[in-house]
Amino acid sequence: MPNRKFADGEVVMGRWPGSVLYYEVQVTSYDDVSHLYTVKYKDGTELALKESDIRSQSSFKPRKSQSSSSSPSRRSSSRSRSRSPGRPAKGRRRSASQSRENKDDKKKTIQETNLALLKPSENNTRSYNGEPDSTEKNDMSCKTSERKLKPALEIERALEQYSLRSRKEEKKKEEIYSEKKVFETVKTIEKASPKTKELEFGGRIGTFLMILFLPATVFYLLLMCKQDDPSLMNFPPPLPALESLWEARVFGVFLLWFFLQALFYLLPIGKVVEGLPLSNGRKLQYRINGFYAFLLTAAAIGTLLYFQFELHYLYDHFMQFAVSAAVFSMVLSIYLYVRSLKAPEEELAPGGNSGYLVYDFFTGHELNPRIGNFDLKYFCELRPGLIGWVVINLAMLLAEMKVQNQSVPSLSMILVNSFQLLYVVDALWNEEAVLTTMDITHDGFGFMLAFGDLVWVPFVYSLQAFYLVGHPAAISWPVAAAITILNCIGYYIFRSANSQKNNFRRNPSDPKLAYLKFIPTATGKGLLVTGWWGFVRHPNYLGDIIMALAWSLPCGFNHVLPYFYVIYFICLLVHREARDEHHCKQKYGLAWERYCQRVPYRIFPYIY
């Protein structure tokens, strides 16, 4: 294995990907596997470069001024003009010279950047790819690259600095131009993204434990809800016989449910939209028909109830359904990992390409696994688990009426069903918004998302309804009204914040969003500093937590078990927030630091 040439902390000159320009950078780390250096530019941008794209500072010297490097023909022309009989008087010559100097100063001011542009020295006669080249050709390539990369908007600003165009209009045009120009460079950089170096969730050991811990947590919660006294002090709960946890008929019902939702997904109804650009610039197409699938499912369930099908069968075999879903998610995860081994490099997930089997199996190795046009990750994100959550809640409502011998469901059960139904319908109605989330754009499809979508969401998110079947809680109408107001507040924050973000990501120049202010970044995207995103950095998480609390309050305060969802949700969102912070700091550099200064609170205003 060759020794590394540059040490950590060393200041060197790094070539900007896709160009022949070198900038001053600092080496931060070196990957022995991919043989790539991670370097940091002066504006905070971090990139991974090959050793051949890095040079020592000694082989560079500052670029000379344009006047001193002018061609001989230009100097000759200048001398011939000075001897011309019709040249101006001395005083006018001085005035013209001063005018040219002022213009040169203005041009220099315009052309200043945060990164110092340097030119290879005359002694270095080889270009970056090792081929011999003359000094004149090297200068010409540098000048040509400068012309290509120099923003045309800056030239226009220099020529029109005395025009009547408003500064606000000019700034708006500059931001739009920056988004279009820089985004192409970012896509080029992402194509050569190295293997995943920073491991989350405790790395290989942490992800291995989570593969065991997550199913155990689900089974523990469901067993506790079945107890007459679901106190945390009654640990461990009585374990059922292993043969009682599996039934072929239950597994068959689960498979029928999964493939019924797949059939609804394939129906040619609903519009087809494009997702965000991938690392190779390609955009995948998605059919938006989740809400139609929900309506078809509601019609199917209504038909079953009309023919006297006992839906509380789900309650009676709830543990068996959870085991069936867990087994199916494990088999699906194995299939996803095996097929990802043959996937092209550009189709792998940025966060699941570590080279470690357990870690990539858990986080997901392939970003968008598809069978033809059937997107497995996108389908599982909203369909079987999320719609199944509503069906389970309805089954628990009917089971409560039967177990408690009631003619109507309790007010607590009605509130839980109504609040969570609103949440699911909102997600399906705004299905297109999920295309901009990290689950779709960044995370691969592995055990984490497969188990989360098919097991955790339907069987843990319905915990309050499952708890109320055996542990009814009576609440008064004023208390119910107060809980309803709390849920509405959380929902309003959640929905308006997400809509604001999604609309801005889709079309930042939309006139309807002209009131929003943002900080432009090196990637071409903007960071909102007004609206909900100027209140806290993650207002959608704040709305989520408020709604989660409203879902648990109807269960009363006799036991902490119904509030597990709130505790879990806070821990999950704090983890996601820390993950987002790290990701955004690497992606946006100094712009993110400016944003954090403008918006100091992360989730809870004046607290955290």
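What counts as what
- Within every chain, residues take consecutive numbers counted from 1 along the sequence as written.
- For a predicted model such as this one, the threshold for reporting local features is a pLDDT of at least 70, and the threshold for listing and counting side-chain atom pairs is 80 or more; totals across whole chains, interfaces and linings nevertheless cover every residue.
- Side-chain measures were taken over the full set of non-hydrogen atoms in the model, leaving aside hydrogen atoms and water.
- For the purposes of this entry, the term helix denotes a DSSP run of H or I that reaches at least four residues, the term strand denotes a run of E that reaches at least two, and both are numbered from the N terminus.
- In this scheme, a residue with accessible area under 20% of its type's maximum is buried, one over 50% is exposed, and one in between is partly exposed, where area comes from a 1.4 Å probe on protein chains only.
- Should any heavy atoms of two residues lie within 4.5 Å, those residues are counted as being in contact.
- Method for areas: the Shrake-Rupley scheme with a 1.4 Å probe, in which residue coverage is limited to the protein chains shown.
- DSSP calls a pair of strands paired once it identifies at least 2 bridges connecting them.
- Stacked, tilted and edge-to-face are the three classes assigned to paired rings of Phe, Tyr and Trp, where Trp is represented by its six-membered ring and a pair needs centres within 6.5 Å; plane angles under 30 degrees give stacked, over 60 edge-to-face, the rest tilted.
- The arc in question is formed by the directions pointing from the helix axis toward the C-beta atoms.
- Angles shown run from 0 to 180 degrees and are taken between the N-to-C directions of axes, each axis being a line fitted to C-alpha atoms and, for helices, limited to the stretch in contact.
- Under this scheme an angle from 65 to 115 degrees is roughly perpendicular, one under 35 degrees roughly parallel, and one over 145 degrees roughly antiparallel; angles in between are oblique.
- Gly falls in the polar group here, along with every residue not listed as nonpolar (Ala, Val, Leu, Ile, Met, Phe, Trp, Tyr, Cys, Pro) or charged (Asp, Glu, Lys, Arg).
- Polar contacts, as counted here, are pairs of nitrogen or oxygen atoms within 3.5 Å of one another; within protein the pair requires one atom able to donate a hydrogen and one able to accept it, and residues that are adjacent in sequence qualify only if both atoms are side-chain atoms.
- Among buried residues, those of type Ala, Val, Leu, Ile, Met, Phe, Trp, Tyr and Cys that are joined through side-chain atoms within 4.5 Å constitute a nonpolar core.
- Each domain's extent was defined by an automatic or database domain assignment.
- UniProt positions are given in the numbering used here, feature names are shortened, and annotations may be inferred rather than shown by experiment.
- For this analysis, a salt bridge means a side-chain nitrogen from Lys or Arg found within 4 Å of a carboxyl oxygen belonging to Asp or Glu.
- The quantity called pLDDT is the predictor's confidence in a given residue, expressed from 0 to 100.

**Some details on the overall build of the chain**
Step number 1: In terms of regular secondary structure, the chain is built from 21 helices and 13 strands.
Step number 2: Counting all 608 residues of the chain, 45% fall into the buried class.
Step number 3: Taking the contacts inside the chain whose residues are at least 6 apart along the sequence as the reference set, 72% of them involve residues at least 24 apart.
Step number 4: With the model as given, the accessible surface of the chain reaches about 32,500 Å², and the carbon-plus-sulfur share is 59%.

**Let's talk about the pairing of strand S1 (residues 11-15)**
Step number 1: A large share of S1 lies buried, amounting to four of its five residues.
Step number 2: Pairing geometry for S1 and strand S2 (residues 22-31), over five bridges, is antiparallel. Directly across from Met 13, in S2, lies its bridge partner Glu 24.
Step number 3: For S1 and strand S5 (residues 54-55), the ladder comprises two bridges, and the chain directions are antiparallel. Along S5, the bridge assignment pairs Gly 14 with Ile 54.

**Brief notes about the packing of aromatic side chains**
Step number 1: What the rule picks out here adds up to 40 aromatic pairs.
Step number 2: The interplanar angle of 75 degrees and the centroid separation of 5.2 Å between the aromatic rings of Trp 16 and Tyr 41 together place this pair among those described as edge-to-face. Here Trp 16, found in the loop between S1 and S2, pairs with Tyr 41, found in strand S3 (residues 36-41); they are 25 residues apart in sequence, far enough to count as distant.
Step number 3: Residue class for Tyr 41 comes out buried when judged on its relative accessible area of 3%.
Step number 4: Judged by centre distance (5.1 Å) and plane angle (50 degrees), the ring pair of Trp 456 and Tyr 568 falls under tilted. Separated by 112 residues along the polypeptide, Trp 456 in helix H16 (residues 447-460) and Tyr 568 in helix H20 (residues 564-588) bring together distant segments of the chain.

**Topic: helix H21 (residues 590-598)**
Step number 1: What H21 keeps buried is the set Ala 591, Trp 592, Tyr 595 and Cys 596. Relative to the axis of H21, the buried residues are bounded by an arc of 140 degrees and lie together on one face.
Step number 2: The elements touched by buried residues of H21 are strand S12 (518-520), strand S13 (526-528) and H20.

**Here we look at the packing of helix H6 (residues 203-226) against helix H17 (residues 463-470)**
Step number 1: Between H6 and H17, the least distance of the axes is 8 Å, while the angle of their chain directions is 25 degrees. As judged from the angle between their axes, H6 and H17 are roughly parallel. Note on element contacts: H17 touches H6 through Leu 463, Phe 466 and Tyr 467, opposite Leu 221, Leu 222, Cys 225 and Lys 226.
Step number 2: The residue inventory of the contact of H6 with H17, partitioned by class, reads six nonpolar, no polar and one charged.

**A few points about the side chain of Ser 552**
Step number 1: Residue placement: Ser 552 occurs in helix H19 (residues 539-552).
Step number 2: Classification of Ser 552 by relative accessible area gives buried; the value is 0%.
Step number 3: One polar contact links the side chain of Ser 552 to the main-chain carbonyl oxygen of Pro 562, over a distance of 3.1 Å.
Step number 4: Not counting residues within four places of it along the chain, the set of residues in contact with Ser 552 comprises Gln 464, Pro 562, Tyr 563 and Val 566.

**Looking at the nonpolar core**
Buried together is how nonpolar side chains tend to be arranged in soluble globular proteins.
Step number 1: With 116 residues, the main nonpolar core has Met 396, Phe 459, Tyr 461 and Phe 569 as its most contacted residues.
Step number 2: Both domains that meet at this core, namely domain 2 (202-474) and domain 3 (475-607), each give it at least three residues.
Step number 3: In this structure, Met 396 is in contact with Tyr 315, Phe 318, Met 413, Ala 465, Phe 466 and Val 469, ignoring residues within four places of it in sequence.
Step number 4: One finds Ala 497, Phe 504, Leu 527 and Ala 591 within the second-largest nonpolar core, a separate group that totals 17 residues.

**Details of unusual backbone geometry**
Step number 1: Phi is positive for Phe 201, close to 60 degrees, though the residue is something other than glycine.
Step number 2: Within the secondary structure layout, Phe 201 lies in the loop between helix H5 (167-191) and H6.
Step number 3: Even without being a glycine, Asn 405 presents a positive backbone phi close to 55 degrees.
Step number 4: Of the residues examined, Asn 405 reaches a relative accessible area of 72% and is grouped as exposed.

**Concerning the UniProt feature "transmembrane region" (unreviewed entry) in the chain**
Step number 1: UniProt's entry tags residues 205-224, 244-267, 288-307, 319-338, 449-469, 475-494, 515-536 and 556-575 with the feature "transmembrane region" (unreviewed entry), counted in the numbering of this structure.
Step number 2: Helix makes up 85% of residues 288-307 and strand makes up 5%, while its end C-alpha atoms are separated by 31 Å.
Step number 3: Across residues 475-494, the secondary structure splits into 90% helix and 0% strand, with the terminal C-alpha atoms separated by 26 Å.

**Section: the side chain of His 312**
Step number 1: Among the secondary structure elements, His 312 is positioned in the loop between helix H8 (290-306) and helix H9 (313-316).
Step number 2: The exposure class of His 312 is buried, given its relative accessible area of 10%.
Step number 3: At a separation of 3.2 Å, a polar atom in the side chain of His 312 contacts the side chain of Lys 402.
Step number 4: For His 312, the residues in contact, after removing those within four places along its chain, are Ala 395, Ala 399 and Lys 402.

**Section: the pattern of salt bridges**
Step number 1: As enumerated under the stated definition, the model contains seven salt bridges in all.
Step number 2: The shortest N-O distance in the salt bridge between Lys 271 and Glu 432 comes to 3.1 Å. Within this pair, whereas Lys 271 is found in strand S8 (residues 271-274), its partner Glu 432 is found in the loop between helix H14 (411-429) and helix H15 (438-441), the two being separated by 161 residues in sequence.
Step number 3: When the shortest N-O distance is used, the salt bridge between Glu 431 and Arg 383 registers 2.9 Å. With Glu 431 in the loop between H14 and H15 and Arg 383 in the loop between helix H12 (376-382) and helix H13 (384-403), this residue pair connects regions lying 48 residues apart in the sequence. Accessibility assignment for this pair places Glu 431 and Arg 383 in one class, buried.

**Quick word on the confidence of the model for the chain**
Step number 1: Summing up the model confidence of the chain, the mean pLDDT is 78 and the portion of residues at 70 or higher is 77%.
Step number 2: In the model, residues 64-101 has pLDDT below 50 throughout and makes six contacts with residues more than four positions away in sequence or in other chains.
Step number 3: Segment residues 106-193: pLDDT under 50, and 100 contacts once partners within four positions in sequence are set aside and those in other chains are kept.

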